[in-house]
Protein chains: 2
Amino acid sequence: MIIVPADALRELGVKIFAAQGTPDEKARFLVDTLIEANLAGHDSHGVHYYVGYSDRVKRGFIDVDAEPAVVKETPTSALVDGRWAFGQVTAMRVAELAVEKARESMVAGVGAFNCNHIGRVGYYTSWAAKQGIIGNMYVNVGNPSACAYNGLGKVLGTNPYSVSVPTGSETPFLVDWATSVVAQGKISVARAKHAKIPTTWTRDKYGRVTDDPNAVYNGGWLLPFSEYKGYGMSMICELLGAVLTGSRTGISGVAEPPSPNGVFMLAVNPEAFVGLDAFTEGASRLLSQMKALPAEAGKRVMVPGEPEKESKERRLREGIPIPDDTWAQIKALCARLGVDMSDTEK
Amino acid sequence: MIIVPADALRELGVKIFAAQGTPDEKARFLVDTLIEANLAGHDSHGVHYYVGYSDRVKRGFIDVDAEPAVVKETPTSALVDGRWAFGQVTAMRVAELAVEKARESMVAGVGAFNCNHIGRVGYYTSWAAKQGIIGNMYVNVGNPSACAYNGLGKVLGTNPYSVSVPTGSETPFLVDWATSVVAQGKISVARAKHAKIPTTWTRDKYGRVTDDPNAVYNGGWLLPFSEYKGYGMSMICELLGAVLTGSRTGISGVAEPPSPNGVFMLAVNPEAFVGLDAFTEGASRLLSQMKALPAEAGKRVMVPGEPEKESKERRLREGIPIPDDTWAQIKALCARLGVDMSDTEK
């Protein structure tokens, strides 16, 4: 494990993607989304993707300079062809359009197809919330890794869901979770750390219980969270993220590109209902009331988004921990691309 | 346990609510929503509410002839004052407005306050889906019965969430679940049957593990499903269902009326994206693929909404089972209201 300051990791990332032809603004934005994931404590969606995304660029699956294009539009909706840009670039375009349309028309829906992996979904919904708009995002992952409830084999993506709302206060509200028991990235992190995983996370290729993070890479699969409830939520992500936008479903059997995301965002302007001021006041009061609740011994009641906020404060001070295996992969990538790491390793 | 044909239960229900001054059309609609819940196998939301709702009418919490009124409106949104009509009447008005606006404007959001208990949420979302519109509904229950993740005490409603989409086929798609481990009604059903409940459902008033369905009526509480994930989903229902619409939050501490629902529905017209035909074709294909998957020994893969469809087919043939305690309460109610049950008990 090594600890690297966020800014050093950021500058390294920008150099890595610039070395592959990514325009500066896109590289800075892309890297920011990954660093923010690490800062939030979600290393599964962080800088280990410097390696994964670079591999996809090399294999021709990511077009580093593509611009997403709107192919169908109404005052309340847009359908975006991501043109295989970095998924983050497409997802941000989705969020911008959704917020813009919700500002004008109160309620809006925006979808995207031909979209690469978009990273941590909460990045986009919490950005919307900072603009005073409620963000609601359903994402399908076209590369399946989870089973159906009662089913055998990989047919569903980890299919994340996220909602963030404006609170007008220091306390964020951000729900952002995979509909599998855990995100695929959490298994990668466990594997990089040579750690065991809980037996409730995965099954091996015969459907057997296992605590080995490698099983899922050897024909095994993730379980949906909470049995039929997580399965239902995951299916909603397939239907809204993929079928509604024309993206690839998890069960399609198509293997390439390796990790397409179908994205669907619903944006709601509180002005159409109680009004933004009344909404943020009510949200802020509710969240304060929750935080003040009595808790089980040794625990406290947090609101969704609060652990991430605390992690960010801590990691901005202390730096971001990177497992040795991940760091070795980043070093090998820099060697391949001729990126100088001397500033980062100081 | 007695078994009653759906039609006999329906006619009895209409007589019960008519005897309390409910106009015929409203009584028939209200009773239909309850019978449909029983037919779907969700007895927790079924005809035992003949008793509960009648009690609320008697205590002045339900106005049997009120008409919900739109108090704020745009082409994509509406805010509805339910005026303490039967919650079902208000929720149906929400669904009708949302579908109408999504037909015209592609994406719409409709909220309601001053709304009584709306019953089974899937009734409204699946109605929208039958009109070719994707229905997405968040409901808060202002009468809390579940704890926060890590918290002690009742502060959250069972806060159901439902999504239904058009499939253009025999296979429905309907997600509809409480964000507590189970709906409160499932505890009532267990209590009526004098059955034990799983220890993962509730805690007693001291926060202790219990299998007694009575514990939750004696100061105990329900747990959110899947720890922080269900807690997050429940909080989304508080924020969108209650705070956004001006309804009462679970934590407010206000006890009356006894079971207000804050309702928020998002409706999406597939025509704004891949188009309705392409959507239903894709949805239908996806659902067929899921159903054809290999399953764990002795099980099969179903799609959300399928168990309810099968239950309805079976119960239309075989009748609806009513626990003895529930039946005794319905009989006592009929005696109080002077409703003749001889047709029902034939």
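Residues numbered from 1 in each chain as written. Chains lettered and ligands numbered in written order. Predicted model: local features only at pLDDT ≥ 70, side-chain atom pairs only at ≥ 80, totals over all residues.

**Quick notes on the nonpolar core**
Let me state the cut-off plainly: Connectivity within a nonpolar core runs through C-beta atoms within 7 Å, and the core itself is a set of buried Ala, Val, Leu, Ile, Met, Phe, Trp, Tyr and Cys residues. Here a residue counts as buried when 20 or more other C-beta atoms fall within 10 Å of its C-beta, as exposed when 12 or fewer do, and as partly exposed in between; the C-beta atoms come from the backbone. Placing C-beta atoms from the backbone, we regard two residues as in contact once those atoms come within 7 Å.
Ranked by internal contacts, the top residues of the largest apolar core, which has 197 residues, are Ala98(A), Ala267(A), Ala98(B) and Ala267(B). When sequence neighbours within four positions are dropped, the list of residues in contact with Ala98(B) reads Ala108(B), Val110(B), Ala128(B), Met265(B) and Ala267(B). Counting residues in hydrophobic clusters, the runner-up holds 26 residues, among them Tyr53(B), Ile62(B), Val64(B) and Phe86(B).

**Comments concerning the sheet that holds strand 10 (residues 261-268) of chain A**
The criterion, for reference: When DSSP finds at least two bridges between two strands, those strands are taken to pair. Strands are runs of DSSP state E lasting at least 2 residues, helices are runs of H or I lasting at least 4, and numbering of each runs from the N terminus. Angles shown run from 0 to 180 degrees and are taken between the N-to-C directions of axes, each axis being a line fitted to C-alpha atoms and, for helices, limited to the stretch in contact.
One open sheet holds the 7 strands; their spatial order is 2-3-4-10-5-6-7 (chain A), and the pairing between them is mixed. The open sheet has two edge strands with one neighbour each: strand 2 (69-74) and strand 7 (174-177) of chain A. Across the sheet, the mean angle separating the axes of adjacent strands is 10 degrees when strand polarity is ignored. The pairing of strand 6 (residues 161-164) of chain A with strand 7 of chain A spans 4 bridges and is classified as antiparallel. Bridge pairing links Val163(A) to Val175(A) in strand 7 of chain A. This element, helix 7 (residues 228-243) of chain B, spans strand 6 and strand 7 of chain A of the sheet and lies at about 140 degrees to strand 7 of chain A.

**Regarding the pairing of strand 3 (residues 77-81) of chain B**
Residue and element names in this part refer to chain B. Put simply, the rule is: With the strands aimed away from the viewer, a crossover counts as right-handed if its path from the first strand over the helix to the second runs clockwise.
For strand 3, the buried fraction is high: 5 of the 5 residues fall into the buried class. Alternating residues of strand 3 divide into Ser77, Leu79 and Asp81 and Ala78 and Val80, and every residue in both groups is buried. Note: strand 2 (residues 69-74) against strand 3, 5 bridges, orientation antiparallel. Paired with Ala69 across the two strands is Asp81, which belongs to strand 3. Joining the antiparallel neighbours strand 2 and strand 3 is a turn of 2 residues. For the segment spanning strand 3, helix 4 (residues 87-105) and strand 4 (residues 107-113), crossover handedness is right-handed.

**A short note on the relation of the copies chain B and chain A**
The cut-off we apply is this: Alignment of copies: least-squares fit on C-alpha atoms of residues with pLDDT of at least 70 in both copies.
Of the transformation placing chain B onto chain A, the axial shift is 0.0 Å and the rotation is 180 degrees, giving an RMSD of 0.0 Å. The two molecules are tied by a two-fold rotation axis, judged by turn and shift. The rotation axis passes nearest to the C-alpha of Ser226(B) in chain B, at a distance of 2.8 Å. Most of the interface of chain B is mirrored in chain A, where 100% of its interface residues again form contacts.

**Section: the packing of helix 8 (residues 276-291) of chain A against helix 7 of chain B**
Stated precisely, the cut-off is as follows: Any angle that falls under 35 degrees is termed roughly parallel, while one over 145 is termed roughly antiparallel, one within 65 to 115 roughly perpendicular, and all others oblique. For any pair of crossing helices, the crossing counts as left-handed if the nearer helix is rotated counterclockwise from the farther one by less than a right angle, and right-handed if it is rotated clockwise. Residue polarity follows a fixed list, in which Ala, Val, Leu, Ile, Met, Phe, Trp, Tyr, Cys and Pro are nonpolar, Asp, Glu, Lys and Arg are charged, and the others, Gly among them, are polar.
Axis separation between helix 8 of chain A and helix 7 of chain B bottoms out at 11 Å; the angle between their running directions is 140 degrees. Considering their axes alone, helix 8 of chain A and helix 7 of chain B lie oblique with respect to each other. Between helix 8 of chain A and helix 7 of chain B the crossing geometry is right-handed. Counting all contacts with helix 8 of chain A, which are made through Phe279(A), Gly282(A), Ala283(A) and Leu286(A), the residues of helix 7 of chain B involved are Glu238(B), Leu239(B) and Val243(B). Of the residues assigned to the contact of helix 8 of chain A with helix 7 of chain B, the class counts are 5 nonpolar, 1 polar and 1 charged.

**Here we look at the interface of chain B and chain A**
Tallying the contact residues gives 59 residues for chain B and 59 residues for chain A. Here the side of chain B that touches chain A takes 9 residues from helix 7 of chain B, the largest share from any one element. When grouped by side-chain class, the residues that make up the side of chain B that touches chain A number 36 nonpolar, 18 polar and 5 charged.

**Points about the sheet that holds strand 10 (residues 261-268) of chain B**
Residue and element names in this part refer to chain B. Read from one edge to the other, the open sheet built from 7 strands follows the order 2-3-4-10-5-6-7, with strand pairing classed as mixed. Lying at the two open borders of the sheet, with one neighbouring strand each, are strand 2 and strand 7 (174-177). Between one strand axis and the next, the sheet turns by 10 degrees as a mean value, whatever way the strands run. Here helix 7 sits on the sheet and contacts strand 5 (134-141), strand 6 (161-164) and strand 10; the angle it forms with strand 5, its principal contact strand, is near 95 degrees.

**With respect to the domain arrangement of chain A**
Threshold: Note that domain bounds follow an automatic or database assignment of domains.
Examined at the domain level, chain A breaks down into domain 1 (1-61 + 319-346), domain 2 (66-180 + 226-304) and domain 3 (182-223). Residue-level contacts link 9 residues of domain 2 of chain A with 8 residues of domain 3 of chain A.

**Quick look at helix 2 (residues 24-39) of chain B**
Residues and elements named next belong to chain B. The condition is simple: By this rule the span expected of a helix is its residue count minus one, scaled by 1.5 Å.
Over its 16 residues, helix 2 runs 22 Å from end to end, which matches the ideal 22 Å to within 8%, given 1.5 Å per residue. If you check which residues of helix 2 are buried, you get Ala27, Leu30, Val31, Thr33, Leu34, Glu36, Ala37, Asn38 and Leu39. Where helix 2 is buried, its residues meet helix 1 (6-18), helix 3 (49-58), helix 4, helix 5 (122-130), helix 9 (306-318) and strand 11 (320-322).

**Considerations on the environment of Phe113(A)**
All names here are of chain A. Relative to the helices and strands, Phe113 is located in strand 4 (residues 107-113). Since 25 C-beta atoms lie within 10 Å of it, Phe113 is described here as buried. Note: C-alpha distance between Phe113 and Val80 (33 residues apart in sequence) is 6.4 Å. With residues up to four places along the chain from it excluded, the contact list for Phe113 reads Asp81, Gly82, Thr245, Gly246, Ser247 and Gly262.

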